[in-house]
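Tertiary structure, described
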Amino acid sequence: MAEPVLRIENLAKNFGGLRVTDDVTLDVMPGELHAIIGPNGAGKTTLINQISGLLAPDAGRIVFAGEDVTGMAVDRRAQRGLARSFQITSILPRFSVLENVALAVQARSGTSFRFFGNAAEDGALNAPALAALGQVGLAERAGALAGELSHGEKRALELAIALAMEPKLLLLDEPMAGTGHDEAKRLVAVLRSLKGRFPMVLVEHDMTAVFALADRISVLIYGRILASGAPAQVRADRQVVTAYLGEEMA
């Protein structure tokens, strides 16, 4: 049996007297899209921040690609293939779409930002950047300023930036946030096209997207995993329906 790409063991995080992550244990298998859902304040982003290295846990262990990364810095995790998109877009609006992705290609290579603002002229960066844009449907927008994109296009660009890091695992923090119906549908289609190529952890409030994409779902309530399993199993769990999904999802 394959080993998990990511294994989280008994993770805990406190902010003062408030326990935000409470003895969380879960794993992500190769090629799996593992969704983490729960109400606002459940601790989802805090959990993602610990996985990515932005926050240090107070207890527990994070193992990524067979290596204990619990105490490892964000940049070292990224170099090992842990790529993350944020709840709020983090693009460079005055740079072109292509330059935004080319910067990620350059960061992956470990070279300096010698071309800063002129990425499109460097073929070694340009080609993989265009390939990443093609994967998210933005190749035709490569020359546009990133700040001129629609909100949904900006989320797709952020995903292309993550793909340019050649990830072994994608952490996606509410990629549908702020998108309209049509943009959300396009993002779901992009993520579906990437399924199986990259294991993914998806934090998302859009339950239509979650149940359309997830291989497995973990439900986080007050920092603890209430249930974890296949979408049909989670949808049928009465505790989950009562605590979060509501009777309309039963």
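Please read all numbers here as calculations on a predicted model, not as lab measurements. (Residues numbered from 1 in each chain as written. Predicted model: local features only at pLDDT ≥ 70, side-chain atom pairs only at ≥ 80, totals over all residues. Heavy atoms only, no water.)

Observations regarding the sheet that holds strand S6 (residues 82-85)
Note the following rule: What makes two strands pair is DSSP finding at least two bridges between them. A run of H or I in DSSP counts as a helix once it spans at least four residues, and a run of E counts as a strand once it spans at least two, with each numbered from the N terminus. Each axis is a line fitted through C-alpha atoms, and for a helix only the stretch in contact is used; angles between axes span 0 to 180 degrees, taken between their N-to-C directions.
Strand order across the open sheet formed by six strands is S6-S7-S8-S3-S9-S10, with mixed pairing between neighbours. For this open sheet the edge positions go to S6 and strand S10 (224-229), each flanked by a neighbour on one side alone. Direction aside, neighbouring strands of the sheet carry axes that sit 15° apart on average. Where S6 meets strand S7 (residues 169-173), four bridges bridge the pair, whose relative direction is parallel. Within S7, the position partnered with Ala-83 by the bridge is Leu-170.

A few points about the pairing of strand S2 (residues 18-28)
Inspection of the sheet shows strand S1 (residues 6-15) paired to S2 by seven bridges, in the antiparallel sense. From the neighbouring strand, Phe-15 faces S2, where its bridge partner is Leu-18. Where S1 hands over to S2, the hairpin turn is made up of two residues, of which Gly-16 adopts a positive phi near 65°.

As for the pattern of salt bridges
Rules: Only one rule defines a salt bridge in this text: a Lys or Arg side-chain nitrogen within 4 Å of an Asp or Glu carboxyl oxygen. Partly exposed residues are those whose accessible area sits between 20% and 50% of the maximum for their type, while under 20% is buried and over 50% is exposed, using a 1.4 Å probe and protein chains only.
In this structure the tally under the stated criterion is 13 salt bridges. Residues Glu-9 and Arg-61 are paired through a salt bridge, measuring 3.0 Å at the closest nitrogen-oxygen approach. With Glu-9 in strand S1 and Arg-61 in strand S4 (residues 59-64), this pair connects stretches of sequence that are 52 residues apart. Residue classification places Arg-61 among the partly exposed residues on the basis of a relative accessible area of 32%. The residue Arg-84 makes a salt bridge to Asp-173 at a minimum N-O spacing of 3.2 Å.

Considerations on helix H5 (residues 151-163)
Under the convention used in this document: Expected span, for any helix, means 1.5 Å times one less than how many residues it has.
Compared with an ideal rise of 1.5 Å per residue, which puts 13 residues at 18 Å, H5 spans 19 Å between its outermost C-alpha atoms and is within 8% of the ideal. Of all the 13 residues making up H5, 10 are buried; the element is thus mostly covered by neighbouring parts of the structure. Within H5 the residues assigned to the buried category are Gly-152, Arg-155, Ala-156, Leu-157, Glu-158, Leu-159, Ala-160, Ile-161, Ala-162 and Leu-163.

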